[in-house]
Amino acid sequence: MSYGQQQGPQSQWDPWKPQSQQQPWSSGDDRTPDWAALAEASETRNKRRRVLFIGGGALATIAIGSAVAMAVVSANGSKGSEKPSSLPAGGIPSASGTAAPSFAPTSAPPPLDPKDFVSSKNKDKAPIGPAILFPNTQLALGSTAYKKGASADTTNCGSATKGTLPKILGANDCTRLMRVTYAEKNIAGTVGVALFDTAAQATKAKSQWDKKSVIASLSGKGVGAFCNSAICYTTANSYGRYAYFTVTGFTDGKDVTDKNTAVFTAGDGLAEYAFNQIRRRGEAQASAAANE
């Protein structure tokens, strides 16, 4: 048996371990404690404790910083205008990405067709007469200004026509015929507008027109007789429930030939004038109906 040998490591009291207990030095051991070693161990433990405190504080700071960052991100995200660039794309929902409310597609109603208002007597309700339909006291037909002469209005359409035209107008139930004459020097032209109840009747009357279908020329108010027996230039057309006819020639009784371009220009100009007046009539009624 060896004297002075211990049976096991003797536990020593560690002030930082809650379960350790201060043990008295053995009365049988007369060695002096190593105070320098004890001081060094204590200093080591103090350093470890400070490191733990410092490290724990850093973790706490990081945790607090993360919480603040999350709070800021949440506030920004609720506005939907900005999000931190350090965050992953699509990581935070944005109000700007919210789908806009959808509405059923709408379309404006189609514009009213002016021709509809002059295609039947049921819609064509505006006042009408020679003075309303032919208001111009002077017309520019080509490069020449023609002055307005006499005008006429009748419900007996056949009485103001010649040749085959009275029969055509009667067969299609013409209800009214208005005429006006424009003249300049020795050239004069009469335009006649026949009214029907429907556009189909006017179109049929126009399609039946031939070279022997002639509107009667209208003289008076400074305009001498013309186109009673001489060869004259005639035209026919229709628009809506209106059929319009012209006759143009010389007031001195001469026949119209292919060389008399001024007569053709005057006759075509009168036909265009009639068309424009009928079309404007439809436009005015369509505009009034659209504003009701």
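To be clear, the structure that these remarks concern was listed above.
Residues numbered from 1 in each chain as written. Predicted model: local features only at pLDDT ≥ 70, side-chain atom pairs only at ≥ 80, totals over all residues. Heavy atoms only, no water.

A. Main features of the overall build of the protein chain. Secondary structure assignment for the protein chain yields 5 helices and 8 strands. In the protein chain, the succession of helices and strands from N to C terminus is α-α-β-β-β-α-β-β-α-β-β-β-α. Here the protein chain holds 292 residues, and the buried ones make up 32% of them. Considering only contacts within the protein chain whose residues lie at least 6 apart along the sequence, 65% involve residues at least 24 apart. Accessible surface, the protein chain as shown: approximately 18,700 Å² in total, 55% of it carbon and sulfur. (Helix = DSSP H or I, 4+ residues; strand = E, 2+ residues; numbered from the N terminus. Buried < 20%, exposed > 50% of the residue type's maximum accessible area, 1.4 Å probe, protein only. Contact = heavy atoms within 4.5 Å. Areas by Shrake-Rupley, 256 points an atom, 1.4 Å probe, with all protein chains shown as cover.)

B. Spatial organisation of the packing of aromatic side chains. All told, the structure shown has 4 aromatic pairs when counted by the stated rule. Summarising the aromatic geometry, the rings of phenylalanine 134 and tyrosine 273 are spaced 6.2 Å apart at their centres and angled 45 degrees between planes, so their arrangement reads as tilted. Taken together, the positions of phenylalanine 134 in the loop between α2 (130-133) and β1 (138-141) and tyrosine 273 in helix α5 (residues 261-290) put the pair 139 residues apart, joining distant regions of the chain. Note on tyrosine 273: relative accessible area 8%, which makes it buried. Taking 4.9 Å as the distance between ring centres and 70 degrees as the angle between the ring planes, the aromatic pair formed by tyrosine 233 and phenylalanine 264 counts as edge-to-face. On the criterion of sequence distance, the pair formed by tyrosine 233 in strand β7 (residues 233-239) and phenylalanine 264 in helix α5 is long-range, its members being 31 residues apart. Every member of this aromatic cluster is reached through a ring pair, and the members are Phe134, Tyr182 and Tyr273. (Phe/Tyr/Trp six-rings, centres within 6.5 Å; stacked < 30°, edge-to-face > 60°.)

C. View of the sheet that holds β7. Strand order in the open sheet made by the 6 strands is β1-β2-β4-β5-β8-β7, with antiparallel pairing throughout. One side of each edge strand has no neighbouring strand; the edge strands of this open sheet are β1 and β7. Direction aside, the axes of adjacent strands within the sheet are offset by 25 degrees on average. Relative to strand β5 (residues 187-195), strand β4 (residues 176-184) runs antiparallel, the two sharing 9 bridges. Paired with threonine 181 across the two strands is threonine 190, which belongs to β5. Strands in contact with helix α4 (residues 199-208) are β7 and β8 (242-250); relative to β7, the strand with the most contacts, it is inclined by about 155 degrees. (Pairing = 2+ DSSP bridges. Axes fitted to C-alpha atoms, helices over the stretch in contact; angles between N-to-C directions.)

D. The arrangement of the pattern of salt bridges in detail. For the structure shown, the criterion picks out 5 salt bridges. Between arginine 281 and aspartate 124 there is a salt bridge, with the nearest N and O atoms lying 2.9 Å from each other. Here the residue arginine 281 occupies a position in helix α5, and aspartate 124 occupies one in the loop between α1 (35-79) and α2, the gap between them amounting to 157 residues. Overall, arginine 281 belongs to the buried group, its relative accessible area being 10%. Relative accessible area serves as the criterion here: at 5%, aspartate 124 is assigned to the buried category. (Salt bridge = Lys/Arg side-chain N within 4 Å of Asp/Glu carboxyl O.)

E. The nonpolar core, seen in detail. Counting 26 residues, the largest nonpolar core has Phe134, Tyr182, Val193, Tyr242, Tyr244 and Ile278 as its most contacted members. Contributions of two or more residues to this core are made by β1, β4, β5, β8 and α5. The element best represented in this core is α5, accounting for 7 residues. With 23 residues, the next largest nonpolar core counts Leu169, Cys174, Leu177 and Ala183 among its residues. (Core = buried A, V, L, I, M, F, W, Y, C linked by side-chain atoms within 4.5 Å.)

F. Structural detail: the state of the cysteines. In this structure the tally under the stated criterion is 2 disulfides. Cysteine 157 shares a disulfide with cysteine 174; S-S distance 2.1 Å. Between cysteine 157 and cysteine 174, the disulfide has an S-S torsion of -75 degrees and is therefore left-handed. Highlighted residues: cysteine 157 in the loop between β2 (144-154) and β3 (161-163) and cysteine 174 in the loop between α3 (165-171) and β4, separated in sequence by 17 residues. (Disulfide = S-S within 2.5 Å.)

G. Focus on the pairing of β8. Within β8, 9 of the 9 residues are buried, leaving the element largely enclosed by the surrounding structure. By the bridge criterion, 9 bridges tie β5 to β8 in an arrangement that is antiparallel. In the sheet register, valine 191 faces β8, and the bridge partner there is threonine 246. In terms of strand pairing, β7 meets β8 through 7 bridges, oriented antiparallel. Within the sheet, the bridge partner assigned to tyrosine 239 lies in β8 and is tyrosine 242. Taking the residues that link successive antiparallel strands as the turn, the β7-β8 hairpin has 2 residues, and the phi of glycine 240 there is positive, at about 65 degrees.

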